[in-house]
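Observations on the three-dimensional arrangement
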Amino acid sequence: MLGRVLLRALRVVSLVVAVVVGSFWLMSASPVDPVQAYVGADAASIGSEQREQIAERWGLNDPPLERFAAWAGNVFTGDLGQSQIYGEPVVVVLADRAAASLALMTTAWVLSGVFGFAMGLLAGMRAGTWVDRALSWWAYLLASAPTFWVGLLLLYVFSVALGWTPVGGAVPTGTLPGEASLLERVHHLLLPAATLSLIGVAPVLLHTRQAVVEVMASDYVAFARSQGEQPFGLVLHRVLRNAAAPAVVLQFASIGELFGGSLLAEQVFTYPGLGEATTQAALRQDVPLLLGIAMVTALIVLTGNAFGRVVHHAVDPRASVLA
Amino acid sequence: MSTAAVPVLEVADLRVSFVQYERGLRRRVIDAVLGMDLTVHPGEVVALVGASGAGKSLLGHAVLSLLPPNARCSGVVRHLGRELDVSARRELAGHEVVLLPQGVSALDPTTSVGGQVRRAARLADAPNARAAARGALVRRGLDETVDRRYPHQLSGGMARRVIGAIAGMGHPSLVIADEPTPGLHPTAVTEALAGLRRLADDGAGVVLITHELRGAIAVADRVVVAHRGRTVDEAPVADFAGTGGRLTHPYTRALWQALPGHGFTVPSVPVPDLEVS
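Source: prediction; values computed, not measured.

Moving on, we get to the overall build of chain B. From N to C terminus, chain B includes eight helices and 10 strands. Since a compact globule built from 277 residues should have a radius of gyration of about 19 Å, the 19 Å found for chain B is in line with a globular shape. C-alpha atoms of chain B, sized along the principal axes, occupy 55 × 55 × 40 Å. Buried positions account for 53% of the 277 residues belonging to chain B. Sequence separation of at least 24 residues holds for 69% of the intrachain contacts in chain B that already meet a minimum separation of 6. Here chain B displays about 12200 Å² of accessible surface, and carbon together with sulfur accounts for 52% of that area. Taking the average place of the 30 positive charges on the side chains of chain B and the average place of its 27 negative ones, the gap between the two points comes to 6 Å.

Structure below.
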């Protein structure tokens, strides 16, 4: 038991290390010049001496291995470094951005899980009917639609044509984040969350549908029906838990995909969350920020998977938490 | 066996077909059962024997109204002389008529044994479901620790006793045992079949649906043979002897002679303390 816990912990640590090393290697192989990306439009007014000073201050002249060792050493003391593009400690940037993204991703995660499961249950119970066909087709359509495209479509319909929702941002233009009311925040959250939920519904729906079809064809459902169990009782007592396992595992495992999706959705809706910071960090060679994001994302995904195992075990006693 | 009593089950000219939609909207009707007749008296075990795909399981499902939505079913089903339409069959399911599966796959893997037996007691309208469930398990020698277990934590014998407890909850007058023996250890087969015999001796009618003629002969009073959707022959167990000279129907005789050794003798069934009742 203890051995398996330790093994699992070792796996988590090694995965995080691999993610960080991989990201760093990719960043050092990138052709983008961080100083050039940092000064941007001011390039003309900045001399080569000043560039050299920036590079020296950021330690860009040191060999990559030395830079990585310095960064890793600091991480162990709890210092994730300074973001080059925001001029703030990485921890502060991460906390700010994560708070905005958390609201978005949690909403999308819960909505896609609940609606996906409910619709999958309906499609599975009515397998072969037009309800099932309509839901399945809809799910296939969404599963094959790119996130940014769905986002643009919603933006066009609800923000441009109907004018019901804002076109971007987390708060109204000209308002400081601290001053916006809850209602304004929710208003700005609507479309990005709807985009991510819509996309997230599809896999949960299709997997749940398949699970329900299999459960309905099982011996134990036939036996329950032969005892006089009616459809409602059947769903409540026999189908729900048995069909929940794939949805639960999928939903917890999809946290990683949710990050990817929010990256695109936040870009489309100019929503200042973790996804948007990731794009900026990557485009402008902000190595400390990107490594921080990679590390935190990996940890969140791995934690999500661990939770998935626990919940899976709670739903289905045959599933093992470890191993 | 008194054949003068009112049969607990009478099936006459049962037909089952399935409607399928192929690519597009092309409709296809598959006739699975083309005319089956079966009569079971109280206290009798009738084996319905046939190869896979003969449609014998569908008879059981039709009687219990377990057919899928795309199935069409016609013919007469009578229980104690009363003709049953689909809704009446559904009402009797779990009370008067029960399905008796054998494998652990008949138990919900995600619900504890106690939970499943209590649910069955509630469905059978037991006044005190908790007590009824406990009582049914105690009578089968299963103590409280079994209540909290999940099906995957049961041995094969325990699972059969739990299934027996669930099926017997409504004090059924008709038990339909669908393929109770495949994949079982020989002693487990004997035990399962003996359990069916005990049910019949207690007064219920039993339909044993199986493709294993040998087991059927060991326990049944009569054997009804199904072939390609029809019941083609009915013979008393005594006729299955020697080289099958007393069997009149060629298919039945072929089934009998296909067993190892024409001079195959029917083993006497020891009746151990029963697990299924």
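Counting its regular elements, chain A contains 13 helices and zero strands. Dimensions along the principal axes, computed over C-alpha positions, put chain A at roughly 85 × 60 × 35 Å. Counting across all 323 residues of chain A, residues that qualify as buried make up 42%. When the accessible surface of chain A is split by element, carbon and sulfur atoms take 69% of a total near 17000 Å².

Looking now at the pattern of salt bridges. Two side chains with opposite charge may pair up if their charged atoms get near one another. Overall, the coordinates contain 14 salt bridges over all chains when judged by the stated rule. The salt bridge involving Glu276(A) is made with Arg97(A); its shortest N-O contact spans 2.8 Å. Here Arg97(A) lies in helix α5 (residues 90–125) and Glu276(A) lies in helix α12 (residues 274–283), a separation of 179 residues in the sequence. Comparing Glu276(A) with Arg97(A) shows no difference in burial state: the two are buried. A salt bridge links Glu234(B) to Arg222(B); its shortest N-O distance comes to 2.4 Å. One end of the pair, Glu234(B), is in strand β10 (residues 230–236); the other, Arg222(B), is in strand β9 (residues 222–227), and 12 residues separate them in sequence. The exposure class assigned to Glu234(B) is partly exposed, which follows from its relative accessible area of 44%. Several salt bridges share partner residues, and in doing so they unite Glu44(B), Arg222(B) and Glu234(B) into one network.

On to the interface of chain B and chain A. A common way to report how large an interface is uses the accessible area buried once the components associate. Opposite the 26 residues of chain B that make contact, chain A presents 19 residues. Between chain B and chain A lies a buried interface of about 2000 Å² when both sides are counted; carbon and sulfur atoms form 57% of it. Counting across the interface, chain B meets chain A through two salt bridges. A salt bridge links Glu229(A) to Arg119(B); the shortest N-O distance between them is 2.5 Å. The tally of links between chain B and chain A comes to eight residue pairs in polar contact (both at pLDDT 80 or more). Put simply, the parts of the chain that give the side of chain B that touches chain A at least two residues each are β6 (97–99), α3 (113–123) and α5 (156–167) of chain B. A per-element tally of the side of chain B that touches chain A places α3(B) first, with four residues.

Here we come to the environment of His227(B). All names here are of chain B. Looking at where His227 falls in the secondary structure, it is placed in strand β9. Each C-alpha atom of the pair His227 and Ala54 lies 5.0 Å from the other, and the pair is 173 residues apart in sequence. Those residues in contact with His227 that sit more than four places away from it in its chain are Ala54, Val232 and Tyr251. Within the structure, the side chain of His227 is placed 3.4 Å from the side chain of Tyr251, a separation counted as a polar contact.

Right, let's talk about the packing of aromatic side chains for a bit. All names here are of chain A. Counted by the stated rule, this structure contains four aromatic pairs over all chains. With centroids separated by 5.9 Å and ring planes inclined at 45°, the aromatic side chains of Phe158 and Trp164 adopt a geometry described as tilted. Taking the relative accessible area as the measure of exposure, Phe158 reaches 26% and is therefore partly exposed.

Quick look at the packing of helix α6 (residues 130–143) of chain A against helix α8 (residues 182–216) of chain A now. All names here are of chain A. At a closest axis distance of 8 Å, the pairing of α6 and α8 adopts a crossing angle of 130°. Between α6 and α8, the crossing angle belongs to the class labelled oblique. Crossing hand, α6 versus α8: left-handed. Along the contact surface, α6 presents Asp132, Leu135, Ser136, Trp138, Ala139, Tyr140, Leu142 and Ala143, while α8 presents Leu198, Ile199, Val201, Ala202, Leu205, Leu206 and Arg209. In the contact of α6 with α8, the residues fall into 12 nonpolar, one polar and two charged.

If you look at the biggest cluster of nonpolar residues, it comprises 59 residues, and the most contacted ones within it are Val20(A) and Phe269(A). If you look at the next biggest cluster of nonpolar residues, it comprises 52 residues, including Val45(B), Leu100(B), Ile163(B) and Tyr251(B).

Residue and element names in this part refer to chain B. Even without a glycine there, the phi angle at Asp13 is positive, about 50°. Of note in the backbone geometry, Ser65 takes a positive phi value of approximately 60° without being a glycine. Within the element layout of this structure, Ser65 appears in the loop between α1 (56–63) and β4 (71–79). You can call Ser65 buried: its relative accessible area is 9%.

In this section: the packing of α5(A) against α8(A). Residue and element names in this part refer to chain A. Across the interface, α5 lies against α8 with an axial gap of 5 Å and an inter-helix angle of 35°. In this structure, α5 crosses over α8, and the sense of that crossing is right-handed. Looking at the contact of α5 with α8 residue by residue, the class counts come to 20 nonpolar, nine polar and one charged.

Moving on, we come to α8(A). Taking 1.5 Å as the rise per residue, α8(A) with 35 residues should run 51 Å; its terminal C-alpha atoms sit only 44 Å apart, a clear shortfall. When the local axis directions of α8(A) are compared, the greatest deviation, roughly 40°, occurs at Leu190(A), which is followed within four positions by the proline Pro192(A).

All right, on to a nonpolar patch on the surface then. All names here are of chain A. A cluster of nonpolar side chains, Phe148, Trp149, Leu152, Leu153, Leu263 and Leu264, forms an exposed patch at the surface whose accessible area comes to about 530 Å². Looking at the nonpolar patch, the elements that each hand over two or more residues are α7 (147–161) and α11 (255–268). Considering every element that reaches the nonpolar patch, the biggest residue donor is α7, with four residues. With a relative accessible area of 40%, Phe148 lands in the partly exposed category.

About the thresholds
- Residues numbered from 1 in each chain as written.
- Chains lettered and ligands numbered in written order.
- Predicted model: local features only at pLDDT ≥ 70, side-chain atom pairs only at ≥ 80, totals over all residues.
- Heavy atoms only, no water.
- Helix = DSSP H or I, 4+ residues; strand = E, 2+ residues; numbered from the N terminus.
- Rg over C-alpha atoms; globule rule 2.2 N^0.38 Å.
- Buried < 20%, exposed > 50% of the residue type's maximum accessible area, 1.4 Å probe, protein only.
- Contact = heavy atoms within 4.5 Å.
- Areas by Shrake-Rupley, 256 points an atom, 1.4 Å probe, with all protein chains shown as cover.
- Lys, Arg positive; Asp, Glu negative; His and termini not counted.
- Charge placed at Lys NZ, Arg CZ, Asp CG, Glu CD.
- Salt bridge = Lys/Arg side-chain N within 4 Å of Asp/Glu carboxyl O.
- Buried area = accessible area lost by both parts, 1.4 Å probe.
- Polar contact = N/O pair within 3.5 Å; in protein donor to acceptor, adjacent residues only side chain to side chain.
- Phe/Tyr/Trp six-rings, centres within 6.5 Å; stacked < 30°, edge-to-face > 60°.
- Axes fitted to C-alpha atoms, helices over the stretch in contact; angles between N-to-C directions.
- Parallel < 35°, antiparallel > 145°, perpendicular 65-115°, else oblique.
- Left-handed = near helix turned anticlockwise from the far one by under 90°.
- Nonpolar A, V, L, I, M, F, W, Y, C, P; charged D, E, K, R; others polar.
- Core = buried A, V, L, I, M, F, W, Y, C linked by side-chain atoms within 4.5 Å.
- Expected span 1.5 Å × (residues − 1).
- Bend = angle between axes of the 7 residues up to and from the residue.
- Patch = residues over 30% accessible without salt bridge, like charges linked within 9 Å, V, L, I, M, F, W, Y side chains within 5 Å.

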